[in-house]
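# Summary of the model geometry
Here's the letter readout for the chains.
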Amino acid sequence: RLETMEACRTVCDAIEKQCPVEAWPIASYKELLFLDCNQDGHGTTTGSAQGGYTRALGAESKETSANVELPLDKLTADLEVMTKGYGTKRFIGAVADKYLAKYGESSKIFEDASWTKTKADVVAKAVLDWGRCSGATVYTHWFQPLGANGVRHGGTGQVHNHMFTFGKDGKPKWEFSGAELLKGETDGSSYPNGGLRATHTAGGYTILDPSSPVFIRGDTIHIPTVFISWEGYALDEKTPLLRAEQAMNREGVRLLKNLGFSTEGVQSNIGLEQEFFLVPRDAYARRLDLQMTGRTVLGRSAPRGQEMCDHYFAPLNPHALECIKTIQEEAFMMGIPLRTRHREVAPNQYEMAPYFGSATQQIDQNLMAMTLCEEVSARFGLACLMQEKPFAGINGSGKHNNWSIGTSEGINLLNVNQVTKATGNPAIFPVIMAALIAGVDKHGDLMRASIACPGNDFRLGACEAPPAIMSTYIGGSLTQFLDDFRNGKATEYKPVKKMLQTGVDIVADFEVPAEDRNRTSPFPYGGHRFEFRAVGSTQNVSFVNTVLCALTAEAFKEFSDKIEAGQSPQEVAKVALNEHWKVIYNGDGYDPEWPAKATKQGVCRIDSGVDAINEMANPKNLKLFEDLKILNKKELEARRDVNLVHYVGMIEMEALCMIDMIVQQIIPALKEAQMSVESVQKAVDMVQKGLAAMHLENGLFEKATLARNLRLETMIEARVFVDNAEGECPAHLWPLATYKELLFLDANQDSNGNTV
């Protein structure tokens, strides 16, 4: 067994790697191990394993509600709640009131997080009642492991437990305690952790996050939690964000008090614009690279792409629309406000966006929305691609992180009119803006590191996403005001909106903002929020917002320290603006001269995502996180290492897919077409050599650097040989789904949604 059979296996495995896929008689590991990408939405195995395994889904989600006209007198505020169940799967407000009332409480209990210490058993009983009445008899602690972007389905960890056992009488005995609601335990060493856990020191604990409501999906109650090691280290994405929010709240309240305004609290609010592709699932099933990595590592561009600018805001493909409507309906039931849907720039590319909300809740909801997109699309014969750059030659996908700071009383501190009206002090707004500008300039490297996901290698600065230069756009009028302010001239910023006319008498004049939109800036100001436009579509944006909260908290703290030492707020802000003015750039971020200018001016520019990740734990950044009690040295270095390992792993998978596709599919097809295979064999040899060199390197940063070179140099060069061969091979012999088959639902589907 351990010698002879293993030797035999080695020989056979080597033959399998060289054998054409369709000729190999045994189900492969890929077919056996990846239900997520090998099955359609009804449990039928697709691709080369088609017909090998089917199952019936336990409960299909209901179809999108039909458009039935109701009498006007039936129109009430609760109509959608009563008829469609909107918001009924989220334990807040009226939903929670109904079940808490039985135990003498109401949803107001959640306004103070101390309920977790005093009334957890009461809430647990109410949640159990709610679950049983809603058909949800399972609960899970729902958390956000590190290293999940683009690989872990849903980006979360969860273990499901039924809330009953059987009594001596054989009947279900329902039990769900406050302790079970608040805490769970798992193996912390089995998740990416950067050395914070090991198999012999594996304890990991999930602890309820009271800032994000409990919700139901299907038969399962989801309890948002943090994930902490036995030693107290943060093993997840969420814990540092909550710590950063706490620091920003503390320093925000302090600064506002020093500016003469009292508030109960300060928090960040975000809105996430999620972009993705929907492609035919049967074509997806014929692409090993898409199934394993979410990106095509090979593929010749179709005769048509996005060059006609004909996709953006075009009518949605009817099959895609039905899919998206179902995603929205399921989201609405969980209280996720996915308000917006539209086509994006590339063919088969779409976007959905919610209403603004607190950062922790919005991130939880975004992760669930991404899960819905992937799972629901399969039911409609589609595959949802979240990867930043699934196709060469057309736009990739991002996730714009619209970010603002608000008080507990609902005042948006980035909205000058709201701030001035609430405080009566027009000097507060420029002080806040000066602090933010200082933070962006000082910690541009951390902002760059926060968006250094593997897929962004292909997006940043590619006329589809801002460049890897961390500047900020604030517009002409605000720039002029702050310039006057730092020179002692300005008193109050009053952005002037203007009225435009269409030249058509019957069309009303309309108002436009004081500033135009700048889509080339990584962090533009939009009148009441900043938009971090360079974030990748696969990303859990917890660390992105951890960085934004941290740099803000530090800037607020430094301002308060100086004000409390006797300096005037205006003088502190003026000095900060003078020192950090260089980070303001209102020009075209795609200007080919801008990178050199930015470097000369000292604006943060890190072209390589690997280099940016490696800078995460430098002394400046460690001081920031330690001083604010957000991350300690071990936690920060662990995140750096996890991200480097994640990067290497993604590129390794892509390279292995490229090799297997060429050897097992493309070379046999070219031989059948009686074409030369010399160039594609050369491509295989190049990639194998680069992969071998990467495997031999021991240092994490050095290994990741080799991986980046393999991906952006060797694999791109190898791809040219294969894509050229695709252009010459007879179409009926080419073994992979082509870009034409993947990207044009409008032309490729029949009336039932089947690819033709």
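Residues numbered from 1 in each chain as written. Predicted model: local features only at pLDDT ≥ 70, side-chain atom pairs only at ≥ 80, totals over all residues. Heavy atoms only, no water.

## Points about the packing of aromatic side chains
Overall, the coordinates contain 24 aromatic pairs when judged by the stated rule. For the ring pair Phe91 and Trp130, a centre distance of 4.9 Å and an interplane angle of 40° mean the geometry is tilted. Remark: Trp130 occurs in helix α7 (residues 120-133) and Phe91 occurs in the loop between α4 (79-84) and α5 (93-100); sequence separation between them is 39 residues. For the pair Phe91 and Trp130, one class covers both residues: buried. Relative to Phe523, the ring of Trp403 lies with its centre 6.5 Å away and its plane at 40°, an arrangement referred to as tilted. On the criterion of sequence distance, the pair formed by Trp403 in strand β14 (residues 399-407) and Phe523 in the loop between β16 (510-512) and β17 (530-532) is long-range, its members being 120 residues apart. Each of the two residues, Trp403 as well as Phe523, counts as buried. What links up through ring pairs into an aromatic cluster is the set Trp403, Phe523, Tyr525, Phe530 and Phe532. Just above the ring of Trp581 sits the side chain of Arg486; from NZ or CZ to the centre is 3.8 Å. (Phe/Tyr/Trp six-rings, centres within 6.5 Å; stacked < 30°, edge-to-face > 60°. Helix = DSSP H or I, 4+ residues; strand = E, 2+ residues; numbered from the N terminus. Buried < 20%, exposed > 50% of the residue type's maximum accessible area, 1.4 Å probe, protein only. Lys NZ or Arg CZ within 6 Å of the ring centre and 35° of its normal.)

## A closer look at the nonpolar core
Within soluble globular proteins, side chains that are nonpolar generally end up buried alongside one another. Of all hydrophobic cores here, the largest spans 155 residues; its most connected members are Trp403, Phe532, Phe625 and Ile662. Looking at this core element by element, the count peaks at 16 residues for helix α23 (residues 633-672). The next biggest cluster of nonpolar side chains, apart from the first, holds 23 residues, and it includes Tyr139, Phe176, Leu181 and Val214. (Core = buried A, V, L, I, M, F, W, Y, C linked by side-chain atoms within 4.5 Å.)

## Some thoughts on the layout of surface pockets
What the second largest pocket holds in volume is close to 1,200 Å³. Phe110, Ala113, Pro210, Ser211 and Ser212 are the residues nearest the centre of the second largest pocket, which is lined by 36 residues in total. Those elements that place two or more of their residues in the lining of the second largest pocket are α7, β6 (203-208), α9 (238-258), β9 (266-280) and α13 (359-379). The greatest single-element share of the lining of the second largest pocket, amounting to five residues, is contributed by α9. A per-class count over the lining of the second largest pocket returns 17 nonpolar, twelve polar and seven charged. (1 Å grid on protein atoms, 1.4 Å probe; cavity = no way out; pocket = protein on both sides within 12 Å on 5 of 7 lines; lining within 4 Å. Points joined across faces, edges and corners; volume = space filled by probe spheres on them. Nonpolar A, V, L, I, M, F, W, Y, C, P; charged D, E, K, R; others polar.)

## Structural notes on unusual backbone geometry
Apart from glycine, the bulk of residues carry a negative phi angle, and the bulk of peptide bonds sit in the trans form. For Cys309, which is not glycine, the phi torsion reads 50° and is therefore positive. One can find Cys309 in the loop between α11 (288-293) and α12 (318-333). Of note in this structure, Phe313 is not a glycine but carries a positive phi near 60°. For Phe313, the location among the structural elements is in the loop between α11 and α12. Exposure remark for Phe313: the relative accessible area of 53% places this residue in the exposed category.

## Some details on helix α14 (residues 416-423)
Turning to α14, its buried residues are Val416, Val419 and Thr420. Angular distribution of buried residues about the axis of α14 spans 95°; they occupy a single face of the element. When the buried face of α14 is taken as reference, the exposed residues oriented beyond 90 degrees from it are Asn417 and Lys421. Lining the buried residues of α14 we find α15 (428-442). One side-chain oxygen at the N-terminal end of α14 lies 3.1 Å from the backbone nitrogen of Asn417; it belongs to Asn415. (Arc of directions from axis to C-beta. Contact = heavy atoms within 4.5 Å. Polar contact = N/O pair within 3.5 Å; in protein donor to acceptor, adjacent residues only side chain to side chain.)

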